[in-house]
Amino acid sequence: MLDADIISLALASGRNLLFADEAGALLKAVGIPVAPCRIGAAEDEAVQAAKEIGFPVVLKVRSQAVVHKTDAGGVRLGLTDEGAVRFAYREIMDKARFLDRGARVTVQPMAPPGVELLVGMTIDPHFGRVVAFGLGGIFVEVLDDIAFRQVPLLAEDAIDMINSIKGSIILKGYRRAAPVDITALMEIILRVSRLAEEEPRIKEIDLNPVFAYPQGALAVDPRIII
Amino acid sequence: MTQISPEGLHSVFYPERVAVIGITDTPERVGYNILRSILYGGFAGKVYPVHPRHEQVLGCKVYKSLDDLPEPVDMAVICLNQYATVEAVESCGCSGVKGVVCNAGGYSETGEDGDELEKRLIAAAEKYGLPIIGPNTLGIINNDANFYSTFYPMRIPAGKVSVVSQSGGVGLTIINLALDEGIGINKFIGVGNCSNLDFADCLDYLENDDSTAVIGVYMEGTRDAGRFVRTAGRVARKKPVVVYKAGRIEGADNYTQTHTGSSAGSFKLYRDILHQHGIFTVNSPSELVAACKALELLPLPGGNRVGILTHTAGPGVVMIDHLAQAGCIIPPLHEETIARVKGIIGADNPPVVLKNPLDAAGLGFSRPTYGGLAEAMLADDHVDLLLAVYCLHETWELPAAELLDAYKKYKKPLIVNFIGNWLGCRADRDFLQSAGIPLFTAPEKTAVAAAALVHYGTKKLEGGASYA
């Protein structure tokens, strides 16, 4: 599916928040590495997807009616075999069907843990589109260690913002940890900037977490608001 | 909102004929003082005071209305109340005036009704393509044409620093700090509510104003921060721009909106994005003046390596705290420099540790010794910029002449930090600054001045700035 189609379709069905698979497809199209995300429309399909992705997997509800998936009992982590996937599918769908007849599940791999980072894009009332970068997960709120740059960003802006956060010490290999792939992070930041520039219908991008590894980086739970 | 062209502003800053509308003969009123300011400032053009009921004010004939003037004017200063100002702008437009300063407050900063009134003011001006300075402003000064159009009559030395300020009070603070620091102001623009002339328009104008070499900005908020930072970034490639952004706390809008109707926005975003566009930012009016003074007087250093010469260690410690944060390096001295220093103070002189900062202790009291050490450090090719600290003393003189000699010999940027007060250092300040060497009396100012020079000096190396 083309990027523009994803957004048109979502808008046509009255959605501002893209589904995880749609957000993933948009990001992938501009070259941002995202964890695979498959749709399971039926139990067997979910199982098939899990086998192809490889265990362990994560099942999440995919429904317009469910915004806070975890609160709605719509997230099952660490599913290690076919039985677990089938059981999780039924649990999620039993609840979701009441809310939304069109509910599905998404199947994603359990991404190997890396340094948790955040890359985001938002529209500031003063500066317009800005890209954010910082330590992800709980650190976002606790440390408030985030750098901002105005779209469009140059490569030097991306590097500068990676180096400017206090947490950059962690990225460069703190104690015995290997340094993470700074180039991969820079690429993600620049591509988020480009996507924001090229697709004005996108209002917000939230890649939290991005797992940074010694080689490469991976956006795991992308959220895109249009 | 139509964008104001820099050409349109030329008539405001370099008028030949000016109308002051709303002149009164009461010395505590704005109108009276605008006229006094223009006269006292030595404006060479013609001034036409306008008021329907006065005959003569401050020795000038007062005209009943714009239509009564013997000739058309280039610009008008409107010192009427907020309602009458709107009508005056309309009649200015009709009579071919090219730009106006509107002093009155009572617009968007006061709430909904005021906001509505400001919209009417803007609409009246834009019908005729008139730039409005203000409303809610102290006014403007163009020292390059002796045109002082604020309600604080003054005469200040001309200089190459121009200031754009959203506040009259902070603007006056900056002007007076500049006087204390011994530098002049070229243009002062009180943008006030920025109704149809925003910071970016002022920067556009000053970019091509040949008499302006450095631009200082005091900002609380702007309607189009995106355009402001892009413009500032572009202008800074041609001449240094120094920005002091206030309204930093969460909830700052409480204070900025009732001041100039502007929203302060997120300071974090301002800080990061000004940095992205290569703008040097400061944290107070006195830092703003210190940075502008150094940028006006000195050529830019070739790099970020700062040498410090002193005979008292503490000021160097204070400076380095600031310098390190600004990305400056305190390099080790060259071996040749160490040898040269030993030659000056004697090889076995015990109390002196030979490194950078070079603390000559008591030996540095001697002016010839101090001058020799300054030369040795300026000659060091590890040093891009020298900061020289010396304490004012009742018994001996400051080594101003020695420092000037050293500066002339090596043509490397030198900032002098005499520890004293203006009473004691004034003659030395004037002596050094007339030769292009800035003198400060506080280490934190010296450090900010050095950081500003290094900022634009190293930007130049990266191919960003190239100042003629």
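K.L.:
Residues and numbers for the overall build of chain A, please.
P.N.:
Scanning chain A from N- to C-terminus turns up eight helices and 10 strands. Whereas a compact globule of 226 residues would reach a radius of gyration of roughly 17 Å, chain A reaches 18 Å, a difference of no more than 12%. With the C-alpha coordinates of chain A rotated into their principal frame, the extents come out at 50 × 45 × 30 Å. The 226 residues of chain A split such that 40% are buried.

K.L.:
Before we move on, could you go through the interface of chain A and chain B and cite the residues and values that matter?
P.N.:
With 10 residues of chain A in contact, the opposing surface of chain B contributes 10 residues. Sorting the residues of the side of chain A that touches chain B by element identifies β6 (128–135) and β7 (146–150) of chain A as the ones contributing at least two each. Looking at the side of chain A that touches chain B residue by residue, the class counts come to four nonpolar, three polar and three charged.

K.L.:
Which residues make up the domain arrangement of chain B, and what values go with them?
P.N.:
In many analyses, interface size is given as the accessible surface area lost on bringing the parts together. All names here are of chain B. The domain architecture assigned to chain B consists of domain 1 (6–294) and domain 2 (299–461). Placing a centre on the C-alpha atoms of domain 1 and another on those of domain 2 gives a separation of 38 Å. Mapped onto the side of domain 1 that touches domain 2, the elements with two or more residues apiece are β14 (280–282) and α10 (285–297). For the side of domain 1 that touches domain 2, the element with the most residues is α10, which contributes six residues. Taken together, the residues that form the side of domain 1 that touches domain 2 break down as seven nonpolar, three polar and three charged.

K.L.:
Could you give me a rundown of the environment of Ile-39 of chain A, with the residues and numbers involved?
P.N.:
Residue and element names in this part refer to chain A. Relative to the helices and strands, Ile-39 resides in strand β1 (residues 38–40). Ile-39 gets classed as partly exposed once you count the C-beta atoms within 10 Å, which come to 16. In the structure, Ile-39 is positioned 19 residues away from Ala-20 in sequence and 9.6 Å away in space, judged by C-alpha atoms. Contact partners of Ile-39, with chain neighbours within four places excluded, come to Asp-21, Arg-62, Arg-104 and Thr-106.

K.L.:
Can you tell me about the nonpolar core, naming the residues and giving the values?
P.N.:
Of all hydrophobic cores here, the largest spans 200 residues; its most connected members are Ile-189 of chain A together with Val-20, Val-100, Ala-291 and Ala-450 of chain B. Per-element tally for this core: the top contributor is helix α16 (residues 443–461) of chain B, with nine residues. With 18 residues, the next largest nonpolar core counts Ala-49, Ala-88, Met-93 and Ala-96 of chain A among its residues.

K.L.:
A description of the domain arrangement of chain A should follow, citing residues and the corresponding values.
P.N.:
Residue and element names in this part refer to chain A. By domain assignment, chain A separates into domain 1 (3–109) and domain 2 (115–225). Taking only C-alpha atoms, the centre of domain 1 and the centre of domain 2 are 24 Å apart. The interface of domain 1 with domain 2 comprises 16 residues on the first partner and 15 residues on the second. When residues of the side of domain 1 that touches domain 2 are traced back to their parent elements, those giving at least two are α1 (3–12) and α2 (20–29). Per element, the largest residue contribution to the side of domain 1 that touches domain 2 is five residues, and it comes from α2.

K.L.:
Describe unusual backbone geometry, naming the residues involved and giving the relevant values.
P.N.:
For residues besides glycine, phi is generally negative; the peptide bonds are generally trans as well. Residues and elements named next belong to chain B. At the junction of Gly-134 and Pro-135, the peptide bond is cis and its omega measures out at 0° in the coordinates. Its place among the elements puts Pro-135 in the loop between β7 (132–133) and β8 (139–142). If you check the backbone angles, Cys-194 has positive phi at about 55° while not being a glycine. Of note, Cys-194 is situated in the loop between β11 (187–190) and α6 (199–207).

K.L.:
Which residues make up the sheet that holds strand β5 (residues 75–78) of chain B, and what are the values?
P.N.:
Residues and elements named next belong to chain B. Strands sit in the order β2-β1-β5-β6-β7 across an open sheet of five strands; the sheet is parallel. Each edge of the open sheet is held by one strand with a lone partner, namely β2 (46–50) and β7. The pairing of strand β1 (residues 17–21) with β2 spans five bridges and is classified as parallel. The residue of β2 that forms the bridge with Arg-17 is Lys-46. Relative to β1, helix α2 (residues 30–40) is tilted by about 160°, and along the sheet it contacts β1, β2 and β5. Set on the sheet, helix α3 (residues 82–94) makes contact with β1, β5 and β6 (99–102); between it and β5 the angle comes to about 170°.

Parameters at a glance
- Residues numbered from 1 in each chain as written.
- Chains lettered and ligands numbered in written order.
- Predicted model: local features only at pLDDT ≥ 70, side-chain atom pairs only at ≥ 80, totals over all residues.
- Helix = DSSP H or I, 4+ residues; strand = E, 2+ residues; numbered from the N terminus.
- Rg over C-alpha atoms; globule rule 2.2 N^0.38 Å.
- Buried ≥ 20, exposed ≤ 12 C-beta atoms within 10 Å, placed from the backbone.
- Contact = placed C-beta atoms within 7 Å.
- Nonpolar A, V, L, I, M, F, W, Y, C, P; charged D, E, K, R; others polar.
- Domains from an automatic or database assignment.
- Core = buried A, V, L, I, M, F, W, Y, C linked by C-beta atoms within 7 Å.
- Pairing = 2+ DSSP bridges.
- Axes fitted to C-alpha atoms, helices over the stretch in contact; angles between N-to-C directions.

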